[in-house]
Amino acid sequence: MDIFLQQLINGLVVGSIYALIALGYTMVYGIMQLINFAHGEIVMIGAMVTITCINLLVGAGVQLPGPALLLVGLMMAIPVSMFLGYSIEKIAYQPLRKAPRLAPLITAIGVSIVLQQAAMLIWGRNYRPFPQILPSEVHIIGGAAITDLQIAIIALALLLMGGLFFMIEKTKLGRAMRATSQNPEVAKLMGVNVNTIVSMTFVIGSALGAMAGVMVAANYDQAHAYMGFMIGLKAFTAAVLGGIGNIGGAVLGGILLGVIESLGSGYLGDLTGGVLGSHYKDIFAFVVLIIVLVFRPSGLLGERVAERA
Amino acid sequence: MTEVLLSIEGINKRFGGLHALSGVGLTINKGEIYGLIGPNGAGKTTLFNVLTGLYQPDEGKFTFQGKDLFRKKPNVVVESGIARTFQNIRLFANMTTLENVMVGQHVRTKTGVLGAVLRHPKAKAEEEAIRLKSEGLLAYVGIADRAEELARNLSYGDQRRLEIARALATNPTLLALDEPAAGMNPKETDDLKKLMEKIRADGVTILLIEHDVKLMMGLCDRIAVLDYGKKIAEGVPEQVKNDPRVIEAYLGVAPE
Amino acid sequence: MNALLMENNRKNTILLAVLAVVLAVLPWALGGFFENGNSWLRAVDFALLYIMLALGLNIVVGYAGLLDLGYIAFYAVGAYLFAILNSPHLQAVLPAWLSHPPFLVMMILAAVVAGIFGVLLGSPTLKLRGDYLAIVTLGFGEIVRIFMNNLDRPVNITNGPQGINNIDPVQIGGYDFGRPIEFLGLTFEKIHLYYYLILAFCVLIIFVSVRLQNSRIGRAWVAIREDEIAANAMGINTRNVKLLAFAMGASFGGVSGALFASFQGFVSPESFVLMESIMVLCMVVLGGMGNIPGVILGAIIVSITPELLRDIINPLQMAIAGKRVVDPENLRMLIFGLAMIVIMLVRPAGLWPSKRRRAELKPKTKDIALQEKDSLQDAERNHD
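Residues numbered from 1 in each chain as written. Chains lettered and ligands numbered in written order. Predicted model: local features only at pLDDT ≥ 70, side-chain atom pairs only at ≥ 80, totals over all residues. Heavy atoms only, no water.

Chemist: I keep staring at the overall build of chain C and nothing clicks. Help me out?
Modeler: Scanning chain C from N- to C-terminus turns up 14 helices and four strands. In terms of overall dimensions, chain C has C-alpha extents of about 85 × 60 × 55 Å along its principal axes. Put simply, 73% of the contacts in chain C that link residues at least 6 apart link residues at least 24 apart. Total accessible area on chain C stands at roughly 17200 Å², and carbon and sulfur atoms take up 65% of it. For chain C, the separation between the mean place of its 29 positive charges and that of its 27 negative charges on side chains is 7 Å. (Helix = DSSP H or I, 4+ residues; strand = E, 2+ residues; numbered from the N terminus. Contact = heavy atoms within 4.5 Å. Areas by Shrake-Rupley, 256 points an atom, 1.4 Å probe, with all protein chains shown as cover. Lys, Arg positive; Asp, Glu negative; His and termini not counted. Charge placed at Lys NZ, Arg CZ, Asp CG, Glu CD.)

This is the structure in structure tokens:
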């Protein structure tokens, strides 16, 4: 088995999931300079709702191929997440748009706690296994294994990212979003309804998050009420790594972080002669982040904000 | 006998491919009001920021009172005796007027953490001196009655005055003012002119950027003119006013 | 004016005296009022530790305006330092002079070592602004925790996830705080002794905070928060002054951590998770950033509310539904989260903001007026 190729594949899979979630952080940040701490919870809810739907369908004896079941589950989860994203913005962020900068950060943390606890009340404290409905065929490429699921995750993630790029670059909504992120005041004067744009940003980010949540659950075969926290943290790190507010940066940061983490945990033990083992994997992400930011304080693709007098 | 206070030579500053300043040199003498003018985008503010340490020039020489200030940080420049104001007022908006001026004395005072916590007699005396001097400076620029007001709530003209008081609090030898009259009405401009003359009379040299050419001609002892990042003229106002290159730079045509 | 100040001073003195008496008898009052008085006293002890933490973070976030999401790392440094020097865990290898240092020396050591960590972690972040700083400090916090979790091999320093046990209680003037002490006919148990000890340090830290706030250094911090470039242009060495904020804030955390380790008797990485950093930040912001009484209030509310809810929710649930419908633990955290949202929505500057912050919110009314005008114009446009 080729360890390098294997870790690279695993890293790409995790990285494309990070990237999808990072897009949600970065879009919101780009438009309102807010760290949407609750985004990880949206991801978690997306996974939980999908699993519940599939279990209900299977329990009711519905005979459908696995991918179709998954699709139905997703069709339920995406609107739920979109609605949640929309409501969170309306309830917890919009009233605080002119408030001190840290106020919305605290409400975001509050929302995150509420969603986590609510999820525990609904789905319990235990891990929920992901239903075994997907084909688990393994392909061997150049000495490394890749499953159908992993191929599907990468393909879907690329498709979604492509779609998002198209939307932002080519559609009227995308143009309005770019304008708002450049300067909300001027955008408003040009007839852009800023409130709508902000809502749309949350809704789109949440939809991407829900799908990413299902990918996480399917990839690790389980979901948990606390899963949103760590995955959200990693994705946010990815967004900062790429340059927060920058769409391309989120994708680059996500994929890089996934690959670095995966390769790092694969080789860390060998590189340090066994002194640091793979349990230092989580450090890797942060060390890379810190090093990058020391040399490029605005992330890899972030704009350099020149000091102006 | 004129005594040179500040001198720069061959200062270059590039932003990417843009030559904001090329080979600029000038000298400021002790006790004068030195003006810097030029059309928009001529590099006045860039030069100003180089002289106050905010921008690090790429090449050149920069000495002040015999001390080398080339590529030194703003706080070192202030410590050496150059204080500044900002074109688009940068006060500590949520501190009181008095506190703003007190911050200005940071560089001339010493109390550290230990002194602050123990508040020993020396620290107490220093704090008292800071307060007294700050109150004095507010009176000097004419806004003593606004001492306890938050800086953000001051009128535009008073904010300009406060910036000058805060800069004076650093005990400067050279006070650098970036368009202090911008946005002022004629009455306020006139008051400002008097204030600057008073400051000069009290022994502080002044470097001034201003758009209002008339004000500059009436106020400055010497003027330098910048255009496209180069110094095109320097001298007493009369001389500069009649310099064909200056007229060309401002009007876009060479005089007949 | 002077008479007014005197009046105020007299009022303050009386208030302080009353507060002192209340705080002095609090352990006994709690024991008298509640059956489980000691568990309440424990909650109070923790609230005091959190007040110290919140005041430390307040220097970094509230005064200097540097958003730090990894602050709990300094609490961890203080706690582990105390644990390592005062437990059997490393006795065999520690030089004798380092083992069980005298109490005051120990506390100074904790403050200094945590302060050094503050400078170490602060220095690479000096160029970063706002949210970039937040994520890097968060990363540092996690790195410190992960190291504590894994430094049991190759050399066992932190004893990994199990943490360090059997930490000795402090000894002051020959008194062992782990044993009851008879004094004035009263029996002071460990929990009482620690209450007074922690309270004393809490008062010290409040005192230091107040003194720093109204000083040359405090003004420099606020100036940096308000406008870093202008502060630098006024001669403030922004790099050093920021590092000083990190160091001061961290040293408060270190002191608090050392007391925590000694009070608790054991430390493990679990006590220093990211959520703890976030909670301390919540205390600062919820209470009123930059305002010492506000921050204290925030720390008390955020640390005591979950305890209060613990005692209220389950009995309430039993009374209403007659049985356990939902997990009280989740319900109490859910309510806690909701409370955070509501408080912030109702008081965006915190419960007890400083005069400055309150003023900062003033223009909001103007903005709202502007917004209203805008929406009015929108409405008109839609009419046409």
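Chemist: Sorry if this is basic, but what is going on with the overall build of chain B here?
Modeler: In terms of regular secondary structure, chain B is built from 10 helices and 10 strands. The C-alpha atoms of chain B give a radius of gyration of 19 Å, which matches the 18 Å a tight globule of 256 residues would have. Projecting the C-alpha coordinates of chain B onto the three principal axes gives extents of approximately 70 × 40 × 40 Å. The buried share of chain B, taken over its 256 residues, is 55%. Across chain B, contacts joining residues at least 24 apart in sequence account for 66% of those joining residues at least 6 apart. Carbon and sulfur atoms make up 52% of the accessible area of chain B, which totals about 11100 Å². (Rg over C-alpha atoms; globule rule 2.2 N^0.38 Å. Buried < 20%, exposed > 50% of the residue type's maximum accessible area, 1.4 Å probe, protein only.)

Chemist: Sorry, what's going on with the packing of helix α5 (residues 148–170) of chain A against helix α8 (residues 194–220) of chain A here?
Modeler: Any two packed helices are characterised by how steeply their axes cross, that is the angle between the axes, and by the distance between the axes. Residues and elements named next belong to chain A. The contact between α5 and α8 brings their axes to 11 Å, and the two run at 170°. In terms of orientation, α5 lies roughly antiparallel with respect to α8. Where α5 abuts α8, its residues L149, Q150, I153, L156, A157, L160, L164 and M167 lie against I204, L208, M211, M215, A218 and N219. Class assignment for the residues of the contact of α5 with α8 results in 12 nonpolar, two polar and no charged. (Axes fitted to C-alpha atoms, helices over the stretch in contact; angles between N-to-C directions. Parallel < 35°, antiparallel > 145°, perpendicular 65-115°, else oblique. Nonpolar A, V, L, I, M, F, W, Y, C, P; charged D, E, K, R; others polar.)

Chemist: It is not clear to me how the sheet that holds strand β8 (residues 205–209) of chain B should be interpreted in this structure. Could you clarify?
Modeler: By way of backbone hydrogen bonds, the strands of a sheet pair with one another, either parallel or antiparallel. All names here are of chain B. One open sheet accounts for six strands, arranged β6-β7-β8-β3-β9-β10; its pairing is mixed. Unpaired on one side and paired on the other, β6 (82–84) and β10 (230–235) mark the two borders of the sheet. Between one strand axis and the next, the sheet turns by 20° as a mean value, whatever way the strands run. Bridge analysis of β6 against strand β7 (residues 174–178) gives three bridges, and the strand direction is parallel. Its bridge partner lying in β7, R84 is registered against A176. This element, helix α1 (residues 44–51), spans β3 (33–37), β6, β7, β8 and β9 (222–227) of the sheet and lies at about 150° to β8. (Pairing = 2+ DSSP bridges.)

Chemist: Could you clarify how one ought to interpret the interface of chain A and chain C in this entry?
Modeler: How big an interface is tends to be stated in terms of the accessible area lost upon association of its parts. Tallying the contact residues gives 51 residues for chain A and 55 residues for chain C. Carbon and sulfur atoms supply 77% of the area buried between chain A and chain C, which totals about 4500 Å² over both sides. When the area that chain A buries against chain C is broken down by residue, the three leading residues are K98(A), I106(A) and L121(A), summing to 13%. Between R125(A) and D327(C) there is a salt bridge, with its nearest N and O atoms 2.9 Å apart. Our count for the chain A to chain C interface comes out at four residue pairs in polar contact (both at pLDDT 80 or more). Those elements giving two or more residues to the side of chain A that touches chain C turn out to be α3 (66–93), α4 (103–123), α9 (227–242) and α11 (281–295) of chain A. (Buried area = accessible area lost by both parts, 1.4 Å probe. Salt bridge = Lys/Arg side-chain N within 4 Å of Asp/Glu carboxyl O. Polar contact = N/O pair within 3.5 Å; in protein donor to acceptor, adjacent residues only side chain to side chain.)

Chemist: Would you mind showing me how to read the pairing of strand β2 (residues 138–141) of chain A here?
Modeler: Successive side chains on a regular strand alternate, one facing one side of the sheet and the next facing the other. Relative to strand β3 (residues 144–147) of chain A, β2(A) runs antiparallel, the two sharing four bridges. Opposite H139(A), over in β3(A), you have I146(A) as the bridge partner.

Chemist: In this structure, what is going on with a nonpolar patch on the surface? I would like to understand it.
Modeler: Nonpolar side chains collect at one region of the surface, where V62(A), L64(A), V72(A) and M76(A) lie side by side and expose about 300 Å² of accessible area between them. Within the fold, M76(A) resides in helix α3. (Patch = residues over 30% accessible without salt bridge, like charges linked within 9 Å, V, L, I, M, F, W, Y side chains within 5 Å.)

Chemist: Can you walk me through the confidence of the model for chain C in this structure?
Modeler: Should pLDDT be low for a region, the predicted coordinates there are not to be read in detail. When the pLDDT values of chain C are averaged, the result is 86; 90% of them are 70 or greater. When the criterion is pLDDT under 50, residues 361–384 of chain C qualifies, and its contacts beyond four places in sequence or with other chains add up to nine contacts. (pLDDT = per-residue confidence, 0-100.)

Chemist: I'm lost on the side chain of N94(B) in this one. Help?
Modeler: As for its position among the elements, N94(B) is in the loop between β6 and α3 (97–104). Looking at N94(B), its side chain comes within polar contact range of the side chain of R152(B), at 2.6 Å.

Chemist: What should I look at first to understand α4(A) in this one?
Modeler: Three- or four-residue spacings in an α-helix give side chains the same orientation, since the helix completes a turn every 3.6 residues. Residues and elements named next belong to chain A. Its 21 residues place the ends of α4 30 Å apart at the C-alpha level, agreeing with the 30 Å of an ideal helix rising 1.5 Å per residue. Here α4 lies mainly inside the structure; 18 of its 21 residues are buried. Backbone geometry just after α4 places G124 at a positive phi near 85°. (Expected span 1.5 Å × (residues − 1).)

Chemist: Which parts of the structure should I look at to understand the side chain of Q117(A)?
Modeler: Relative to the helices and strands, Q117(A) is located in helix α4. Not counting the four nearest positions on each side in its chain, Q117(A) is found in contact with Y226(A), E329(C), N330(C), M333(C) and L334(C).

Chemist: Explanation requested: the pairing of strand β1 (residues 4–15) of chain B in the structure shown.
Modeler: Residues and elements named next belong to chain B. Inspection of the sheet shows β1 paired to strand β2 (residues 18–29) by eight bridges, in the antiparallel sense. Directly across from K13, in β2, lies its bridge partner L21. Two successive antiparallel strands, β1 and β2, enclose a turn made up of two residues, where G16 displays a positive phi of approximately 60°. By the bridge criterion, five bridges tie β1 to strand β4 (residues 59–64) in an arrangement that is antiparallel. Across the sheet, L6 pairs through a bridge with F64, a residue of β4.

Chemist: What's the story with the nonpolar core in this structure? I'm lost.
Modeler: Nonpolar side chains tend toward joint burial in soluble globular proteins. Of all hydrophobic cores here, the largest spans 239 residues; its most connected members are W221(C) and L259(C). Among the elements that make up this core, the one with the highest residue count is helix α2 (residues 37–63) of chain C (19 residues). One finds I33(B), I199(B), L208(B) and L219(B) within the second-largest nonpolar core, a separate group that totals 44 residues. (Core = buried A, V, L, I, M, F, W, Y, C linked by side-chain atoms within 4.5 Å.)

Chemist: Any chance you could explain the sheet that holds strand β5 (residues 67–68) of chain B here in plain terms?
Modeler: Taken in spatial order, the four strands make up an open sheet running β2-β1-β4-β5 (chain B), and their pairing is antiparallel. Looking along the sheet, the strands with just one partner apiece sit at the ends: β2 and β5 of chain B.

Chemist: How should the packing of aromatic side chains be read in this particular structure?
Modeler: Aromatic ring pairs are defined here through the distance separating the ring centres and the angle between the ring planes. Under the counting rule described, the total for this entry stands at 18 aromatic pairs over all chains. Cluster of aromatic residues (ring-pair linked, three or more members): F46(C), Y75(C), Y80(C), F177(C), Y194(C), F260(C), F263(C) and F272(C). For R84(B), the ring lying beneath its charged end belongs to F86(B), and the centroid distance is 4.1 Å. The ring of F86(B) carries the charged tip of R90(B) above its face, separated from the ring centre by 5.6 Å. (Phe/Tyr/Trp six-rings, centres within 6.5 Å; stacked < 30°, edge-to-face > 60°. Lys NZ or Arg CZ within 6 Å of the ring centre and 35° of its normal.)

Chemist: Looking at this structure, I do not really get the UniProt feature "transmembrane region" (unreviewed entry) in chain C. What am I missing?
Modeler: Per the UniProt record, the feature "transmembrane region" (unreviewed entry) sits at residues 47–66, 73–97, 103–123, 130–148, 193–212, 243–266, 278–302 and 333–352 of chain C. Annotation note: span residues 193–212 of chain C, helix share 100%, strand share 0%, distance between end C-alpha atoms 29 Å. (UniProt positions renumbered as here; feature names shortened; annotations may be inferred.)

Chemist: Teacher, can you tell me more about the pattern of salt bridges here?
Modeler: Side chains that differ in sign of charge can pair as their charged atoms come close. Throughout the structure, instances matching the rule amount to 25 salt bridges over all chains. K242(C) is paired through a salt bridge with E228(C); the nearest N and O atoms lie 3.1 Å apart. Taken together, the positions of K242(C) in helix α9 (residues 238–264) and E228(C) in helix α8 (residues 228–233) put the pair 14 residues apart, joining distant regions of the chain. For E228(C), a relative accessible area of 23% gives the class partly exposed. Overlapping salt bridges bring together E32(B), R222(B), K231(B) and E234(B) as one network.

Chemist: Before we go on, may I ask you to explain unusual backbone geometry in this structure?
Modeler: For residues besides glycine, phi is generally negative; the peptide bonds are generally trans as well. Residues other than glycine seldom take positive phi values, yet Q65(B) does so here, at roughly 50°. Mapped onto the elements of the fold, Q65(B) is located in the loop between β4 and β5. A relative accessible area of 44% means that Q65(B) is categorised as partly exposed. A positive phi angle is found at H100(C), which is not glycine, with a value near 45°. Here H100(C) lies in the loop between α3 (72–85) and α4 (103–122). The exposure class assigned to H100(C) is partly exposed, which follows from its relative accessible area of 37%.

Chemist: What should I look at first to understand the environment of V113(C) in this one?
Modeler: All names here are of chain C. The topology assignment puts V113 in helix α4. Separated by 39 residues in sequence, V113 and F74 have C-alpha atoms that sit 9.0 Å apart. Those residues in contact with V113, other than ones at most four positions away along the chain, are V77 and L81.

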